[in-house]
Protein chains: 2
Amino acid sequence: MSVKASIITIGDELLIGQVIDTNSAVIAQLLNGIGISVSLRLAVGDDKVNILDALNTAESQSDIIIITGGLGPTADDITKPLLCEYFGGTLIENKEARENVISIFTKANRPVTERNLTQALVPDVCTMLLNVRGTAPGMLFRKNNKVYFSLPGVPHEMNGLMQSHVLPYLYDHYPLQVIAHRTMTTAGIPESSIADHIKSFEEALPHYIKLAYLPNYGLVRLRLTGTGNSISDINTRLDQQFSELQSLLKDHIVSNRDETMQETVARLLQQQNKTLGTAESCTGGYIAHLVTSMAGSSNYYLGSVVSYANSVKHDILNVSQESLDTVGAVSEPVVIDMVNGILNRLKTDYAIATSGIMGPGGGTDTKPVGTVWVAVGNKNKIVTQCFKLRYERQKNIEVTAIYALNLLRKFMVENN
Amino acid sequence: MSVKASIITIGDELLIGQVIDTNSAVIAQLLNGIGISVSLRLAVGDDKVNILDALNTAESQSDIIIITGGLGPTADDITKPLLCEYFGGTLIENKEARENVISIFTKANRPVTERNLTQALVPDVCTMLLNVRGTAPGMLFRKNNKVYFSLPGVPHEMNGLMQSHVLPYLYDHYPLQVIAHRTMTTAGIPESSIADHIKSFEEALPHYIKLAYLPNYGLVRLRLTGTGNSISDINTRLDQQFSELQSLLKDHIVSNRDETMQETVARLLQQQNKTLGTAESCTGGYIAHLVTSMAGSSNYYLGSVVSYANSVKHDILNVSQESLDTVGAVSEPVVIDMVNGILNRLKTDYAIATSGIMGPGGGTDTKPVGTVWVAVGNKNKIVTQCFKLRYERQKNIEVTAIYALNLLRKFMVENN
């Protein structure tokens, strides 16, 4: 039997698009990791009728219902009274939850108000789930062989309760099937060509292994998902299919793991015991951000000069003033100078440089918006590439960062 | 009559949490902007039964159903045949869509395959919506007084079709109510204290104006939403309530617009005609990224030295080696040196510096994970602040960036 879950996210801010729902993705990942598949995600506003509709829809399709949001201390929250009514209970104060509220306010040196203490009220028909990261407790309800978890919407608190209470409970109470994935990333080949190329492989896949295409601006991730009762059995069969897929696509594979481009580059840097620095004009620090978001990046990443202004390119990176004046900042000579500037200044083994026009303004006839020069190299060799991107500003920045990291990846593999 | 919409997002990747759903937020924002409220968002996998269930749920609750995803060229896409069946049509080739596919491949110098051309097939019962940004066309269906739009899942293409086809169609075909918002951001006061402070204001709000609290790590945004028939009427009433709210919270307001912290800082820089540079250790380029994500930022932002390694702090920013050796990089003297280093090197009017321990590793007894020093200033004055954060790495980086920008905002207001 496969156990199915639904996720309900509550909050008006989701329906006017003011906030992007990351909670659902995190919950789905965590459930998937213990073999529970999510069949439905719903988002509704702070509205009694809509929340009840969502509960009815979710419970008709799943065994486990996870609700987040709508538990804050202010008056726009109607979830707790509604759940109380739905499960036929009465709100009572939970001693442990009350102590938790008081302890959090005491630590922060803030007085506890009556309103804060109402957070400790929970329906008497639920099991209170202690939220040590915040004042709103989680709640567990059971009804008609289905189980319901209500969690606060603050991502950090939701995540804590998933780890401390929800996952252990589900693990103990359900006979779970095993789900495993194998993911690879390809570059330089469009989704449709991959599909043509691996048509017979795909058609011959057994029913318990599914293939998904996840294209994203020049890169296509391919994911095999296997489901079964024995983890070793599933792993063996997945590995078999995955190695066949690898040999079919060997000329296009960037990475044969489920890792981001910056994780691939970080892995190579560590394997080669080398360091990296960046000189960013158009990416404006985004490459540095991607790299430094990874724990331990200080072992191989020394820093970046975000040379947004030409004066910074010249003064700190020693970019030729003549190049800036004649061919302009978005040019091959300038990104080459920027790579050399970083290698000299920061004394790193490798360097990346970017310069381009991200839009919406700044384009000219010869250098329209989307024109980007990237250079990567070490003290012996520098390679460059010019891209013509066609997205809006934010996406142009992101795509440039990924392309630049991919150019470095190739360089590191070929020039080690 | 208020017109209601539902959004259905299709794709297995959403249900295993591999991808965060940004499309729903964008669609919700766009609909909201023309007075259509979204009452439900659903996400389902590439599964026929679940997609049909979602269609049934959505159409029972709304007049307009917007579907994204599931239209790519590869075999895991089942949406188009399903819609064809659901609306009782037959797939036929659309000439305009075919020419669009060929034109896109010709421009990219790629051969057009049979598989690519299947993108031009659409149900004969739909109106084809030309997608100039990609090969998968949009589709418009009508049934039982309801209207359905099916759009590709690539954000850039979805957005293009919303603007070029969906919004104009809805605007022409529905008698729309007006929705308007007023948003302010507060700092330094918790959600529950705000709620206590403005209790009588909130209770006295008319039924057509709603108040929402949007707390986010130290900042609380407050949003008033008004609905009605006349935009001028709604604006007058909203402005009235909003100015009352402003006077109630005047000591805590960071901004009385719906703008991000970086937008507030950018606005102040432009008003004062001043420039900014940053020296980032623990934020690793994230402040630079936030600032340069805004179009036109080159007018006031010169750049950043992401001094992740101590050698970069010393060599480029002239941070005292003695301070680094004795009190360490995460200290007040070091962030002060970093601010001075940027002011001298980049010749900016203002500078921000950050240094901290973002985790999960690197903490000590005296400087646990989450310890952050921030300095901001100009050539006459520098102010510093030490924060003790308690989140995971990524969130620590984001929160530090926002706190640092907020510290600069205060400094700019007080020291202009």
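For chain A, an unreviewed UniProt entry supplies the name CinA-like protein and the organism Polluticaenibacter yanchengensis.

Caption draft 1: A look at the side chain of Ser62 of chain A. Residues and elements named next belong to chain A. Here Ser62 lies in the loop between helix H3 (48-61) and strand E3 (64-68). Of the polar contacts made by the side chain of Ser62, one reaches the side chain of Ser6; its length is 2.8 Å. At a separation of 2.6 Å, a polar atom in the side chain of Ser62 contacts the main-chain carbonyl oxygen of Ala58. Setting aside its immediate chain neighbours within four residues, Ser62 contacts Lys4, Ala5, Ser6, Ser39 and Lys146.

Caption draft 2: Quick look at the sheet that holds strand E9 (residues 178-187) of chain A. All names here are of chain A. Taken in spatial order, the four strands of this open sheet run E10-E11-E9-E12, and their pairing is antiparallel. Of all the strands in the sheet, the pair left with one neighbour each is strand E10 (209-216) and strand E12 (253-255). Across the sheet, the axes of successive neighbouring strands diverge by a mean angle of 30 degrees, strand direction being ignored. As paired strands, E10 and strand E11 (residues 219-228) are joined by eight bridges and run antiparallel to one another. Within E11, the residue paired with Asn216 across the bridge is Leu219. Taken strand by strand, helix H16 (residues 393-414) contacts E9, E10, E11 and E12, and its axis lies near 95 degrees from that of E12.

Caption draft 3: Spotlight on the domain arrangement of chain A. Domains assigned within chain A are domain 1 (4-173), domain 2 (178-255) and domain 3 (261-414). Summarising the inter-unit geometry, the C-alpha centres of domain 1 of chain A and domain 3 of chain A are found 44 Å apart.

Caption draft 4: Representation of the interface of chain A and chain B within the structure. Contact with chain A, which involves 92 residues of that partner, is made by 92 residues of chain B. Taking both sides of the interface into account, the surface hidden between chain A and chain B amounts to around 7300 Å²; carbon and sulfur atoms contribute 52%. The three residues of chain A that bury the most area against chain B are Gln18, Arg41 and Tyr308 of chain A, which together make up 9% of that side's buried surface. One can count four salt bridges joining chain A with chain B. Residues Asp12 of chain A and Lys210 of chain B are paired through a salt bridge, measuring 3.4 Å at the closest nitrogen-oxygen approach.

Caption draft 5: View of the pattern of salt bridges. Residue and element names in this part refer to chain B. Under the defined criterion, the tally for this structure stands at 24 salt bridges over all chains. Here Lys48 and Glu85 are joined by a salt bridge, their closest N and O atoms 3.0 Å apart. Here Glu85 lies in helix H4 (residues 79-86) and Lys48 lies in helix H3 (residues 48-61), a separation of 37 residues in the sequence. On the basis of relative accessible area, Glu85 is assigned to the exposed category, the value being 53%.

Conventions used here
- Residues numbered from 1 in each chain as written.
- Chains lettered and ligands numbered in written order.
- Predicted model: local features only at pLDDT ≥ 70, side-chain atom pairs only at ≥ 80, totals over all residues.
- Heavy atoms only, no water.
- Helix = DSSP H or I, 4+ residues; strand = E, 2+ residues; numbered from the N terminus.
- Polar contact = N/O pair within 3.5 Å; in protein donor to acceptor, adjacent residues only side chain to side chain.
- Contact = heavy atoms within 4.5 Å.
- Pairing = 2+ DSSP bridges.
- Axes fitted to C-alpha atoms, helices over the stretch in contact; angles between N-to-C directions.
- Domains from an automatic or database assignment.
- Buried area = accessible area lost by both parts, 1.4 Å probe.
- Salt bridge = Lys/Arg side-chain N within 4 Å of Asp/Glu carboxyl O.
- Buried < 20%, exposed > 50% of the residue type's maximum accessible area, 1.4 Å probe, protein only.

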